[in-house]
Structure formats: C-alpha cells, structure tokens
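What follows is each chain in one-letter form.
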Amino acid sequence: MRTEPFSISSEEEAWFALARLLDEDEELGPIEFDGWPVIALKFEGERYSASLPSGLMRQISDIQGAFNRCYARVAYDKDARGIRHAERDELELVFEVSEGSTELKADATGLLDRLGDAMKKPSTARTAALTLVVLALIVAGSAVASRLSADRAAVDSQKLQLLQRAIEVAPQLKDATPEFQKVYRDIVAAASDADRIAIGKQELQSDEISEVAGAQRISGRRIELQGQFRVDAVRRFKKHCLIDVLLPDGEKIRARIVFDRFPESSVSAVLMAVAKNTPINLTLTAMEHKDGYSSGRITAIGG
C-alpha cells in the first residue's frame with residue numbers, strides 16, 4: 001500500500017480519486033487537499049454589482065450550518081450541538097469578496113482537514129478517504145442538481161453513479177448530498193433575478209435559474225415584455241433612474257434604467273415620453289408574483 005499522500009487540488013482530481021477509491025486501488029495513498037475545495041459563488045445582474053441583497057446573504061450563511069451538521073454527523077454521530085466550542089472557530093468559513101464584483105470565495109480545505117482529524121475510528125482508511133473526497137465535491141457545489149444540457153448529461157450521470165456507489169460504502173454521507181443541494185438551490189432561488197450564477201465550475205443561465213427557483217417554490221417567475229408603454233413617476237439617482245411602466249391591464253411595473261447601459265439619447269427619449277405622456281417602445285424584464293411585480297429592469301429602449 002502506498003504511504004505517500006495523494007494530493008487533490010481540483011475537482012477533476014477529486015472525481016479521479018473517487019473512482020480509484022471505489023475500485024479499491026491500494027496504490028492511491030492517503031488523501032490530502034491542496035488549495036481545493038473552494039466554495040466559489042458568482043452572481044451577475046443588475047442587483048449584483050459589488051452588492052448582495054440581504055435575503056441572499058442569509059441563504060449563503062446556510063452553507064456554514066450545513067457543513068456543521070454534516071461534520072457533527074460524520075465525526076461524532078451527533079447533531080451540530082455536539083461540536084465542541086474549540087472546534088467552531090476552526091470550522092468557520094471566511095468568504096472573500098472580489099473588489100468591484102459579486103464574487104465570493106471561501107477556502108474549505110481547513111474544514112476537511114479538521115474533519116479528517118476528528119473522524120472516530122473509521123472502519124477502514126478507504127472509508128475515511130471516500131468520506132473526505134465526497135464531502136469535498138459536495139461542499140464545492142460539484143453535486144448541485146440543475147437542468148443539464150444534452151452534451152453534459154452523460155458525463156454528469158456517470159458522476160452521480162460514483163456518488164451513489166460512495167454512499168453505499170459510507171452511508172453516513174446519505175444526508176449530505178440532498179442537504180447541500182437544497183442549500184445551493186435556495187441560494188439560486190434567492191437570486192432568481194440574476195442574469196447568471198456560477199457555483200464552482202457550474203454556470204446557470206437565466207432560464208435555468210428560473211427553473212431552479214420554480215422548483216424551490218419561490219412565488220414568482222421571470223417575464224419579458226416588449227411593446228409600446230406609457231411611463232410615469234421618474235426618480236433619478238446618480239447611476240440610474242426608476243420609472244413606473246404602465247401595463248394595458250392597469251398594473252404597474254417599477255423598472256430600473258441603468259444609465260451606462262444606454263446612450264444619453266435613449267434615456268432622454270424616456271424622459272420626454274414621461275413629460276408628454278406619450279407611449280414609448282420598451283423591452284423590460286421583471287419577476288411576476290401573484291400580487292404584483294418586482295425587480296423590473298429596462299433592457300431596450302426604442303427600436
């Protein structure tokens with residue numbers, strides 16, 4: 001049996017190690033992590049330019065709670081209350097926020113190293129290694145379920161089979177996958193008005209985001225409207241203005257116009273339409289709820 005550690009520094013190496021562990025490859029050696037897994041989240045959209053809505057922040061904090069529960073279950077066969085106070089500081093995730101963007105990263109290698117030290121007499125070294133590798137993949141978001149494109153379906157099906165085989169060997173992992181899937185899906189649902197979300201290497205476009213949000217029973221769906229609309233109630237700010245777009249049925253959508261996304265002449269055309277109470281051709285997106293609209297955004301003016 002090899003005694004030199006097998007260092008994992010990427011998701012690809014983790015899947016490779018998992019396959020070898022399941023095949024009982026005795027030449028793999030003990031598992032260690034080098035700069036991976038990293039919990040990496042990126043949000044793109046009008047509300048996600050170097051800022052995070054409070055509801056999304058609450059959902060992101062649930063990653064910590066999910067890991068604490070999983071740690072206690074695997075290490076002590078208890079709930080999160082079984083974690084010692086001295087351990088909690090070592091388990092705490094610290095997110096770094098990239099300047100000028102809404103991109104968050106937290107190094108999770110310390111959490112897994114701590115778990116490896118705390119695991120109570122695993123039945124075999126292979127079970128311990130399987131547990132750590134699978135948790136690394138789950139924590140990094142590699143097992144997050146979403147609508148997959150056809151060209152990736154076969155690959156992701158193979159990965160799912162590997163996870164299922166690993167859970168048969170280490171049944172204490174059974175609850176970890178759905179728990180983290182729910183956490184990440186709740187994060188996506190909380191940012192349902194984003195244009196694009198990346199969780200690790202997996203990117204979700206607006207239609208996939210809407211699908212996940214709908215599955216999480218979020219009360220709302222993204223819509224796009226195009227046509228001639230009357231506009232009133234302009235409120236100007238430094239970088240944007242808010243307008244009320246009047247719909248044919250009498251409802252209103254409060255929508256944002258971001259100045260640097262349109263030429264000055266287009267913004268002036270909207271202001272002129274307000275002053276003269278004349279319709280203007282607009283394209284806008286919004287979240288439609290049972291009792292109204294939210295997160296309106298103007299995407300095109302005129303044309």
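Residues numbered from 1 in each chain as written. Predicted model: local features only at pLDDT ≥ 70, side-chain atom pairs only at ≥ 80, totals over all residues. Heavy atoms only, no water.

(A) Broad picture of the overall build of the protein chain. Within the protein chain, the secondary structure is distributed over 9 helices and 12 strands. Here the C-alpha coordinates of the protein chain stretch approximately 80 × 45 × 35 Å along the principal axes. The burial tally for the protein chain puts 45% of its 303 residues in the buried class. Here the analysis covers contacts within the protein chain between residues at least 6 apart in sequence; of these, 64% occur between residues at least 24 apart. Across the protein chain, 40 positive and 47 negative side-chain charges occur, with their mean positions spaced 6 Å apart. (Helix = DSSP H or I, 4+ residues; strand = E, 2+ residues; numbered from the N terminus. Buried < 20%, exposed > 50% of the residue type's maximum accessible area, 1.4 Å probe, protein only. Contact = heavy atoms within 4.5 Å. Lys, Arg positive; Asp, Glu negative; His and termini not counted. Charge placed at Lys NZ, Arg CZ, Asp CG, Glu CD.)

(B) View of the side chain of histidine 240. Positionally, histidine 240 belongs in strand 9 (residues 240–246). Residue histidine 240 is classed as buried on the basis of its relative accessible area, which comes to 17%.

(C) Main features of unusual backbone geometry. Put simply, tryptophan 36 and proline 37 share a cis peptide bond, and its omega is 10°. Position of proline 37 among the secondary structure elements: in the loop between strand 2 (31–33) and strand 3 (38–44). Even without glycine at this site, aspartate 77 takes up a positive phi of about 55°. We note that asparagine 277 has phi near 55°; this positive angle belongs to a residue other than glycine.

(D) Here's a closer look at the sheet that holds strand 9. One closed barrel accounts for 5 strands, arranged 8-9-10-12-11; its pairing is mixed. Across the sheet, the mean angle separating the axes of adjacent strands is 50° when strand polarity is ignored. In this structure, strand 8 (residues 221–236) lies alongside strand 11 (residues 280–289), joined through 9 bridges in antiparallel fashion. What sits directly across from glutamine 226, in strand 11, is threonine 283. Together, strand 8, strand 9, strand 10 (252–258), strand 11 and strand 12 (292–301) form the strand contacts of helix 9 (residues 264–276), whose direction differs from that of strand 8 by roughly 70°. (Pairing = 2+ DSSP bridges. Axes fitted to C-alpha atoms, helices over the stretch in contact; angles between N-to-C directions.)

(E) Seen up close, the packing of aromatic side chains. All told, the structure shown has 4 aromatic pairs when counted by the stated rule. Cluster of aromatic residues (ring-pair linked, three or more members): Phe67, Tyr71 and Tyr76. (Phe/Tyr/Trp six-rings, centres within 6.5 Å; stacked < 30°, edge-to-face > 60°.)

(F) Region of the structure containing the confidence of the model for the protein chain. On average, residues of the protein chain score 84 in pLDDT, and 90% of them are at 70 or above. Looking across the protein chain, the model is least confident in helix 6 (residues 150–169), with a mean pLDDT of 73, and most confident in helix 9, with 93. With pLDDT under 50 throughout, residues 145–152 is counted as low confidence; its partners more than four residues away or in other chains account for 12 contacts. (pLDDT = per-residue confidence, 0-100.)

(G) Region of interest: the environment of alanine 17. If you trace the backbone, alanine 17 turns up in helix 1 (residues 11–22). Sequence spacing of alanine 17 and isoleucine 31 is 14 residues, and the spatial spacing of their C-alpha atoms is 8.6 Å.

(H) Main features of the sheet that holds strand 6 (residues 196–199). The sheet built from 5 strands is open, its strands ordered 4-5-3-6-7 with antiparallel pairing. The open sheet is flanked by strand 4 (96–97) and strand 7 (202–205), the only strands paired with a single partner. Both strand 4 and strand 5 (residues 103–107) contribute to a ladder of 2 bridges, which runs antiparallel. Bridging from a neighbouring strand, valine 97 pairs with leucine 104 of strand 5. Against the sheet, helix 7 (residues 176–190) touches strand 3, strand 6 and strand 7, its axis set at about 20° to strand 3.

(I) Geometry of the packing of helix 7 against helix 8 (residues 206–215). Running from N to C, helix 7 and helix 8 cross one another at 115°; their axes reach a closest spacing of 8 Å. Considering their axes alone, helix 7 and helix 8 lie roughly perpendicular with respect to each other. For helix 7 against helix 8, the interelement crossing comes out left-handed. Taken together, the residues of helix 8 that come into contact with helix 7 (itself represented by Arg185, Val188 and Ala189) are Ile209, Val212, Ala213 and Ala215. The class makeup of the residues in the contact of helix 7 with helix 8 is 6 nonpolar, no polar and 1 charged. (Parallel < 35°, antiparallel > 145°, perpendicular 65-115°, else oblique. Left-handed = near helix turned anticlockwise from the far one by under 90°. Nonpolar A, V, L, I, M, F, W, Y, C, P; charged D, E, K, R; others polar.)

(J) The packing of helix 2 (residues 54–76) against helix 4 (residues 109–118), seen in detail. Where helix 2 contacts helix 4, the two axes come as close as 9 Å, and the packing angle between them is 20°. By the angle between their axes, helix 2 is roughly parallel relative to helix 4. Handedness of the helix 2/helix 4 crossing: right-handed. Contacts between helix 2 and helix 4 involve Phe67, Tyr71, Val74, Ala75 and Tyr76 from the former and Leu111, Leu112, Arg114, Leu115 and Ala118 from the latter. Among the residues forming the contact of helix 2 with helix 4, the class breakdown is 9 nonpolar, no polar and 1 charged.

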